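One-letter residues, chain by chain:
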2 protein chains.
Amino acid sequence: MNNFTFYSPTYFVFGKDTEKEAGHYVKRFGGSKVLIHYGGGSVVRSGLLDRVKNSLQQESVPFIELGGVQPNPRSGLVYQGIELCRKEGVDFILAVGGGSAIDSAKAIAAGARYEGDFWDFYEGKPVTDALKVGTVLTIAAAGSEGSGDSVITKEEGMLKRGAGGEALRPVFSILNPELTQTLPAYQTAAGATDIMAHVFERYFTNTKEVEITDRLCEAVLLTMIKEVPRVIADPNNYEARANIMWAGMVAHNNLVGVGRDQDWSSHGIEHELSALYDVAHGAGLAVIFPAWMTYVMKHDVNRFAQLAVRVWGCQMNFMNPEETALEGIERLKQFLSSIGMPINFRELGAKEEDIPLMVEKLGLGETGTMGNFVKLTGKDVEQIYRLAL
Amino acid sequence: MNNFTFYSPTYFVFGKDTEKEAGHYVKRFGGSKVLIHYGGGSVVRSGLLDRVKNSLQQESVPFIELGGVQPNPRSGLVYQGIELCRKEGVDFILAVGGGSAIDSAKAIAAGARYEGDFWDFYEGKPVTDALKVGTVLTIAAAGSEGSGDSVITKEEGMLKRGAGGEALRPVFSILNPELTQTLPAYQTAAGATDIMAHVFERYFTNTKEVEITDRLCEAVLLTMIKEVPRVIADPNNYEARANIMWAGMVAHNNLVGVGRDQDWSSHGIEHELSALYDVAHGAGLAVIFPAWMTYVMKHDVNRFAQLAVRVWGCQMNFMNPEETALEGIERLKQFLSSIGMPINFRELGAKEEDIPLMVEKLGLGETGTMGNFVKLTGKDVEQIYRLAL
């Protein structure tokens with residue numbers, strides 16, 4: 001096990017009706033002027049935005065609003081938000097929505113406290129200071145409600161990049177599973193895929209002797225395998241929604257990933273898909289992950305066999321572990337298909353002829369690599385895209 | 001799933017040599033005058049105390065010391081610590097040791113900020129304010145390094161009681177698995193039993209639909225079952241020590257217990273054993289838990305069968321789940337015996353004739369009950385003690 005630090009100071013408030021406590025928690029964590037940041041339609045239509053505003057009014061906390069966050073949130077709105085925060089003296093950003101609203105809120109929070117261009121953070125500068133961010137989560141997916149990460153897309157060149165830092169962890173996050181019940185099945189499934197992908201990125205490691213985090217990873221995956229088909233069958237299944245929602249936080253606050261090298265190449269490879277076609281991140285991951293697994297499997301067949309046996313319930317083929325490993329990948333594909341996810345370029349609507357462009361945009365050049373489990377060159381990535389056709 | 005809040009803001013620093021960073025973290029978290037609080041012999045002899053002091057000196061943080069914490073820490077030393085903190089203007093307590101040193105430090109931290117008798121907190125008053133506490137952990141067991149709990153024994157009547165509150169969560173905890181390598185096998189095993197017991201107290205619940213926390217509980221138990229025999233066989237197995245140490249934190253910061261009713265009667269029943277005979281808490285739990293399980297099993301046979309199948313790898317007897325449930329309890333007993341723990345009164349050195357006294361000291365009277373999975377009267381507890389003879 002590697003040395004590590006783990007710090008997850010977010011105050012989580014979980015359960016029915018908890019969005020009504022937003023004002024209470026903003027006050028408790030010292031917010032005196034709030035920017036409510038959200039996407040659009042559904043948050044307004046469902047009445048959620050009004051409930052959150054009422055909650056702030058009841059606590060006499062003044063607020064302004066900035067809606068319009070898009071999926072794969074854009075830098076343009078971030079610049080707008082930063083300006084607004086400075087002009088209005090905002091000291092707390094309350095994101096109401098899914099990963100996009102939260103990631104956009106984090107970008108604004110970091111940028112408002114920084115004299116340079118906020119995009120610097122998305123080119124590798126660590127975030128050490130930011131306005132406080134709280135969240136009211138409406139989608140179980142990105143895990144941004146408990147993480148110190150944010151992903152933003154720059155319109156110029158459609159560059160999708162991530163930033164990170166402890167200062168980006170939300171001070172509180174309100175998770176009401178009821179709010180996810182109105183999500184269409186496709187978005188629910190894409191979110192679930194994202195959650196599982198956050199675990200896979202941590203699971204595939206070259207670090208030895210990491211039983212506790214292996215088991216915690218498997219715990220999240222086993223939960224997803226049980227609960228996701230239930231919410232696809234019945235969107236109003238509160239209990240299954242609740243289990244998925246908490247699993248989504250656990251999958252990405254890094255509790256399941258400490259002390260081990262992590263991979264994250266599949267996320268990078270996928271980012272080019274969702275940036276180019278503006279597809280749901282989770283759907284892109286459903287296409288990329290099985291292809292990545294197939295491509296790298298021989299690097300550590302036993303780890304893939306372990307996943308197949310412990311998570312997918314496959315019988316170990318002791319004479320031929322590779323067969324078990326492959327069976328696990330096949331089961332993942334079947335699972336993703338069964339919940340309505342695309343598992344290849346064709347189903348996603350991606351095009352073979354764009355592969356060279358996507359590889360180029362990753363910026364690996366002739367000698368660069370990405371990922372840790374297996375270090376992938378641009379040529380490797382191209383083959384992975386082709387495996388996903 | 002029940003509504004819940006989860007807040008675990010402790011900054012964890014994990015791995016080799018990390019005790020040398022104690023001074024850095026005290027400073028980072030605002031400590032300006034430190035009380036180093038510890039037990040005795042081994043912390044001094046091993047040179048750990050000196051390394052911690054050097055680390056504080058390097059950061060120019062002034063400190064005083066209070067050693068002498070006993071296992072099952074006593075109120076007498078807590079009163080002494082409170083007085084010392086007030087007199088010397090201490091604002092940060094650094095516990096160096098196991099659960100006893102940490103629990104004692106928490107009691108002093110709460111008492112120093114309270115005008116009344118600190119024992120009030122151990123009779124049910126929630127702790128809302130306390131000096132900051134940091135820890136350098138030397139035993140994987142109590143989970144106190146990541147929890148908001150503290151257990152203290154009052155000499156007068158040997159009353160062992162717990163207090164709790166968010167203010168008691170350590171601001172940082174340093175976990176170096178190397179520090180646990182010198183522990184005798186018996187203490188290692190008792191600590192491991194304590195960790196497993198923290199999971200069992202949460203696992204046995206009447207709350208329905210808690211797959212994610214069920215699976216997380218099982219992840220910790222599966223890890224312990226793999227790793228504990230390895231450290232008993234080879235005390236210097238760093239990797240196994242590391243997995244156990246992190247499992248101990250995860251078992252008790254409540255991540256595996258949120259959203260579900262918890263039991264905790266076995267801890268209460270055990271406290272009378274360790275208070276009366278001054279045995280290791282974990283050893284007492286090894287005696288009580290199998291007896292408690294046997295006594296309450298029929299309340300929810302399927303839950304016990306689930307544990308047997310998922311954790312102990314038993315084959316489910318679909319015609320007779322009770323047989324599977326019992327097999328799981330039997331496997332737990334065998335496991336505890338195999339790592340050197342006592343599993344009955346005789347092996348622990350407890351006496352049948354003391355049972356009425358222990359039941360009486362629980363203070364349940366004629367009508368009181370303890371526990372949640374099954375509400376136990378004094379008569380029930382008496383039968384559990386007798387099952388453990």
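Residues numbered from 1 in each chain as written. Chains lettered and ligands numbered in written order. Predicted model: local features only at pLDDT ≥ 70, side-chain atom pairs only at ≥ 80, totals over all residues. Heavy atoms only, no water.

Taking an unreviewed UniProt entry as the reference, chain A is identified by name as Iron-containing alcohol dehydrogenase belonging to Variimorphobacter saccharofermentans.

### A look at the relation of the copies chain A and chain B
With an axial shift of 0.0 Å and an RMSD of 0.0 Å, the rotation relating chain A to chain B amounts to 180°. Here the transformation between the copies is reduced to the relation of a two-fold axis. Taking C-alpha positions as reference, the residue of chain A nearest the rotation axis is A:Pro9, located at 1.9 Å. With an isologous cut-off of 70% or more, the 98% of interface residues of chain A that recur at the interface of chain B puts this contact in the isologous class. (Least-squares fit on C-alpha atoms with pLDDT ≥ 70 in both. Contact = heavy atoms within 4.5 Å.)

### Section: the domain arrangement of chain A
Interfaces are often described in size by the accessible area the parts lose on coming together. Residues and elements named next belong to chain A. Looking at the assigned domains, one finds that chain A contains domain 1 (11-179) and domain 2 (183-387). On the side of domain 2, 26 residues touch domain 1, which itself brings 28 residues to the contact. Summing the contributions of domain 1 and of domain 2, the shared interface buries around 2100 Å²; its carbon and sulfur component is 61%. Three residues, Ala140, Lys160 and Pro177, lead the burial of domain 1 against domain 2; their summed loss comes to 23% of the area buried on that side. Linking domain 1 to domain 2 there are 2 salt bridges. As a salt-bridge pair, Glu272 and Arg161 come within 3.8 Å of each other at their nearest N and O atoms. At the boundary of domain 1 and domain 2, one finds 9 residue pairs in polar contact (both at pLDDT 80 or more). Where the side of domain 1 that touches domain 2 is concerned, the elements lending two or more residues are strand S1 (4-14), strand S6 (149-154) and strand S7 (159-164). Partitioned by chemical class, the residues of the side of domain 1 that touches domain 2 number 12 nonpolar, 8 polar and 8 charged. (Domains from an automatic or database assignment. Buried area = accessible area lost by both parts, 1.4 Å probe. Salt bridge = Lys/Arg side-chain N within 4 Å of Asp/Glu carboxyl O. Polar contact = N/O pair within 3.5 Å; in protein donor to acceptor, adjacent residues only side chain to side chain. Helix = DSSP H or I, 4+ residues; strand = E, 2+ residues; numbered from the N terminus. Nonpolar A, V, L, I, M, F, W, Y, C, P; charged D, E, K, R; others polar.)

### Here's the deal with the pairing of strand S8 (residues 172-175) of chain B
Residues and elements named next belong to chain B. On S8, burial covers both faces: Phe172 and Ile174 on one face and Ser173 and Leu175 on the other are all buried. Pairing of strand S1 (residues 4-14) with S8 involves 4 bridges; the strand directions are parallel. Residue pairing for S8: Tyr11 is matched across the bridge by Phe172. (Buried < 20%, exposed > 50% of the residue type's maximum accessible area, 1.4 Å probe, protein only. Pairing = 2+ DSSP bridges.)

### A word on unusual backbone geometry
One non-glycine residue, A:Glu209, lies in positive phi territory at about 65°. Its place among the elements puts A:Glu209 in the loop between helix H6 (185-203) and helix H7 (211-233).

### Section: helix H15 (residues 378-387) of chain B
All names here are of chain B. Among the residues of H15, Gly378, Asp380, Val381, Ile384 and Tyr385 are the ones counted as buried. Along H15, the residues classed as buried sweep out an arc of 155° about the axis, all on the same side. Of the surrounding secondary structure, the elements contacted by the buried residues of H15 are helix H9 (265-277), helix H10 (281-296), helix H13 (345-348) and helix H14 (355-361). (Arc of directions from axis to C-beta.)

### Examining the packing of H7(A) against helix H7 (residues 211-233) of chain B
Packing of H7(A) against H7(B) leaves a shortest axis separation of 8 Å and a crossing angle of 150°. Classified by the angle their axes make, H7(A) and H7(B) are roughly antiparallel. Seen along the crossing, H7(A) lies across H7(B) with a hand that is right-handed. Facing H7(A), whose interface residues are A:Glu211, A:Ile212, A:Arg215, A:Leu216, A:Ala219, A:Val220, A:Leu222, A:Thr223, A:Lys226 and A:Glu227, H7(B) presents B:Glu211, B:Ile212, B:Arg215, B:Leu216, B:Ala219, B:Val220, B:Leu222, B:Thr223, B:Lys226 and B:Glu227. For the contact of H7(A) with H7(B), the class distribution of residues is 10 nonpolar, 2 polar and 8 charged. (Axes fitted to C-alpha atoms, helices over the stretch in contact; angles between N-to-C directions. Parallel < 35°, antiparallel > 145°, perpendicular 65-115°, else oblique. Left-handed = near helix turned anticlockwise from the far one by under 90°.)

### Overview of helix H5 (residues 99-112) of chain A
For H5(A), spanning 14 residues, the distance from its first C-alpha to its last is 20 Å, which sits close to the expected 20 Å at 1.5 Å a residue. Burial analysis of H5(A) places 13 of its 14 residues in the buried class, which makes it a mostly covered element. (Expected span 1.5 Å × (residues − 1).)

### A short note on the UniProt feature "domain: Alcohol dehydrogenase iron-type/glycerol dehydrogenase GldA" (unreviewed entry) in chain A
UniProt feature "domain: Alcohol dehydrogenase iron-type/glycerol dehydrogenase GldA" (unreviewed entry): in the numbering of this structure it lies at residues 9-177 of chain A. Structurally, residues 9-177 of chain A comprises 30% helix and 25% strand, and the distance from its first C-alpha atom to its last is 21 Å. (UniProt positions renumbered as here; feature names shortened; annotations may be inferred.)

### What about the environment of B:Ser60?
All names here are of chain B. Position of Ser60 among the secondary structure elements: in the loop between helix H3 (48-58) and strand S3 (63-66). The class for Ser60 is exposed, based on a relative accessible area of 63%. It is 9.2 Å that separates the C-alpha atoms of Ser60 and Ser32, two residues lying 28 residues apart in sequence.

### With respect to the sheet that holds strand S4 (residues 92-97) of chain B
Within the open sheet, the 12 strands sit side by side as S3(A)-S2(A)-S4(A)-S5(A)-S8(A)-S1(A)-S1(B)-S8(B)-S5(B)-S4(B)-S2(B)-S3(B). Their pairing is mixed. Each end of this open sheet is capped by a strand with a single partner; those strands are strand S3 (63-66) of chain A together with S3 of chain B. Each strand of the sheet is rotated relative to its neighbour by a mean of 25°, with strand direction disregarded. Strands in contact with helix H4 (residues 75-88) of chain B are strand S2 (34-38), S3 and S4 of chain B; relative to S3(B), the strand with the most contacts, it is inclined by about 165°. This element, helix H5 (residues 99-112) of chain B, spans S2, S3, S4 and strand S5 (132-137) of chain B of the sheet and lies at about 165° to S4(B).

### Brief notes about the packing of aromatic side chains
For any pair of aromatic rings, the description rests on two quantities: the centre-to-centre distance and the angle between the ring planes. In this structure the tally under the stated criterion is 56 aromatic pairs over all chains. Seen in terms of ring centroids, A:Tyr11 and B:Tyr7 are 4.8 Å apart; in terms of plane orientation they differ by 45°. Their pairing is tilted. In this pair, A:Tyr11 is assigned in strand S1 and B:Tyr7 in strand S1, connecting two distinct chains. Overall, the relative accessible area of 18% leaves B:Tyr7 in the buried class. Measuring from centroid to centroid gives 5.8 Å for A:Tyr25 and A:Phe172, while their planes differ by 45°, and the two rings are tilted. With A:Tyr25 in helix H1 (residues 22-28) and A:Phe172 in strand S8 (residues 172-175), this pair connects stretches of sequence that are 147 residues apart. (Phe/Tyr/Trp six-rings, centres within 6.5 Å; stacked < 30°, edge-to-face > 60°.)

### Some remarks on the interface of chain A and chain B
Counting from both sides, the interface comprises 43 residues of chain A and, opposite them, 42 residues of chain B. Summing both sides of the interface, chain A and chain B together bury roughly 3800 Å²; the carbon and sulfur share of this comes to 59%. Taken together, the connections running from chain A to chain B amount to 6 salt bridges. Where chain A meets chain B, there are 20 residue pairs in polar contact (both at pLDDT 80 or more). Classifying every residue of the side of chain A that touches chain B by side-chain character gives 24 nonpolar, 8 polar and 11 charged. Pairing between S1(A) and S1(B): 8 bridges, direction antiparallel.

### Points about the side chain of B:His267
Residue and element names in this part refer to chain B. Along the chain, the position of His267 falls in helix H9. A polar contact of 3.4 Å, which involves the side chain of His267, links it to the side chain of His198. Excluding residues that lie within four positions of it along the chain, His267 makes contacts with Asp194, Ala197, His198, Glu201, His281 and Leu285.

### Things to note about the pattern of salt bridges
A complete count under the given rule lists 48 salt bridges over all chains for this structure. In this structure, A:Arg303 and A:Asp214 form a salt bridge, with 3.0 Å as the shortest nitrogen-oxygen distance. Taken together, the residues span a long stretch of sequence, with A:Arg303 in helix H11 (residues 301-310) and A:Asp214 in helix H7 at a distance of 89 residues. Residue classification places A:Arg303 among the buried positions, given a relative accessible area of 9%. Between B:Lys361 and B:Glu272 there is a salt bridge, and its shortest N-O distance comes to 3.8 Å. Residue B:Lys361 is found in helix H14, and its partner B:Glu272 is found in helix H9; the two are separated by 89 residues along the sequence. Of the two residues, B:Lys361 and B:Glu272, both sit in the buried class. Overlapping salt bridges bring together A:Glu209, A:Glu211, A:Arg215, A:Glu218, A:Arg310, B:Lys226, B:Glu227 and B:Arg230 as one network.

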